[in-house]
Amino acid sequence: MSLPYFYVKDLSHPTVVLDEDTSKYVVQVLRMQAGEPVLITDGLGNRSTALITDNNRKRCTLAVQSAQNEPARRVGISIAISLLKNTSRFEWFLEKATELGVSEIIPLLCERTEKEKFRSDRLNGIMVSAMLQSQQCWLPLLTPPMQFEDLAVQARVGGKFIAHCVDADKDQLQNSVQKNGSAQLIQIGPEGDFTPKEISIALANNFLPVSLGRRRLRTETAGLAAAVLLTTLT
């Protein structure tokens, strides 16, 4: 049976104090005692085995016993995806993208984005839970929301793609992925798709137009499909 796995922001010290919510879970729910081992990660590739030294339900204290570092994935995968009117759908995408091992998620503000509410604390909490559930030790970077045009102009990666629904000359994403070790970035639009102006801006900045298949997908489904393809092919 695997050890309980927890997130700790700072693993630079030999002694770690869990936050109150995690401490309560360890002591009152799992009923763990001093001397029992747990796993902890900082989401930056570091994973440590630690022993409980004080099972205080508000400040559970751990002593780090051994540590290891897992290298980041060879190719960085960034998904730039519009915020959604239905917040739960965006949260679902974050959870699944984290489980798949995406490196970065950039919430996009497009011309047709219907909702711009962004609760970074809640969204990061969802990603932490997904990282722990999938037994990973790398937490994707969740950036502040970014205007579509700013990202289109500023992006500096090897593979840049835009998945839109306009009938045009587009190749399948899986046929366009650069397998030369370069970082990959794909833009996924809102309900209603990107506007013609946005598509023109992306193409003018060397984004390749791609298709994710014959079916028209919801934004969060398109984001997940792109994440699966990019993490699998690179």
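About the thresholds
Residues numbered from 1 in each chain as written. Predicted model: local features only at pLDDT ≥ 70, side-chain atom pairs only at ≥ 80, totals over all residues. Heavy atoms only, no water. Buried < 20%, exposed > 50% of the residue type's maximum accessible area, 1.4 Å probe, protein only. Helix = DSSP H or I, 4+ residues; strand = E, 2+ residues; numbered from the N terminus. Pairing = 2+ DSSP bridges. Axes fitted to C-alpha atoms, helices over the stretch in contact; angles between N-to-C directions. Contact = heavy atoms within 4.5 Å. Core = buried A, V, L, I, M, F, W, Y, C linked by side-chain atoms within 4.5 Å. Salt bridge = Lys/Arg side-chain N within 4 Å of Asp/Glu carboxyl O.

Chemist: How would you sum up the pairing of strand E3 (residues 37–41)? Please name residues and give values.
Modeler: When you tally the buried positions in E3, you get 4 out of 5 residues, the bulk of the element. One ladder, built from 3 bridges, connects strand E1 (residues 5–7) with E3; its direction is parallel. Counterpart to Tyr7 in the pairing with E3 is Thr41. Relative to strand E4 (residues 46–54), E3 is paired through 5 bridges, and the arrangement is antiparallel. Pairing of Thr41 across the sheet is with Arg47, part of E4. Connecting E3 to the next strand, E4, in antiparallel fashion are 4 residues, including Gly43 with a positive phi near 75 degrees.

Chemist: I'd like a rundown of the sheet that holds E4, residues and numbers included.
Modeler: If you walk across this open sheet you meet the 5 strands as E1-E3-E4-E5-E2, and the pairing is mixed. The outermost strands of the open sheet, each flanked by one partner alone, are E1 and strand E2 (15–17). Shown here is a sheet whose adjacent strand axes are inclined to one another by a mean of 40 degrees, direction ignored. Strand contacts of helix H3 (residues 120–133): E1 and E3, with the helix running at about 150 degrees to E1, the strand carrying the most contacts.

Chemist: I'd like a description of the nonpolar core, backed by residues and values.
Modeler: Core analysis: the largest hydrophobic core is formed by 34 residues, its most contacted members being Ile79, Leu94, Ile105, Leu173, Ile186 and Ile188. When residues of this core are traced back to their parent elements, those giving at least two are strand E6 (77–82), helix H2 (87–100), strand E7 (104–109), H3, strand E10 (159–163), strand E12 (184–188) and helix H7 (219–233). Not counting the four nearest positions on each side in its chain, Ile79 is found in contact with Phe93, Val102, Glu104, Ile105, Ile106, Ile186, Ile188, Ala226, Ala227 and Leu230. Counting 15 residues, the second-largest nonpolar core is a separate cluster that includes Phe148, Ala155, Ile162 and Leu185.

Chemist: Talk me through the pattern of salt bridges; I want residue IDs and the actual numbers.
Modeler: In this structure the tally under the stated criterion is 6 salt bridges. Of the charged contacts in the structure, one is a salt bridge between Glu70 and Arg47, with a shortest N-O distance of 3.2 Å. Here the residue Glu70 occupies a position in the loop between strand E5 (61–69) and E6, and Arg47 occupies one in strand E4, the gap between them amounting to 23 residues. When the shortest N-O distance is used, the salt bridge between Glu91 and Arg122 registers 2.6 Å.

By themselves, these observations are geometric and do not establish any function.
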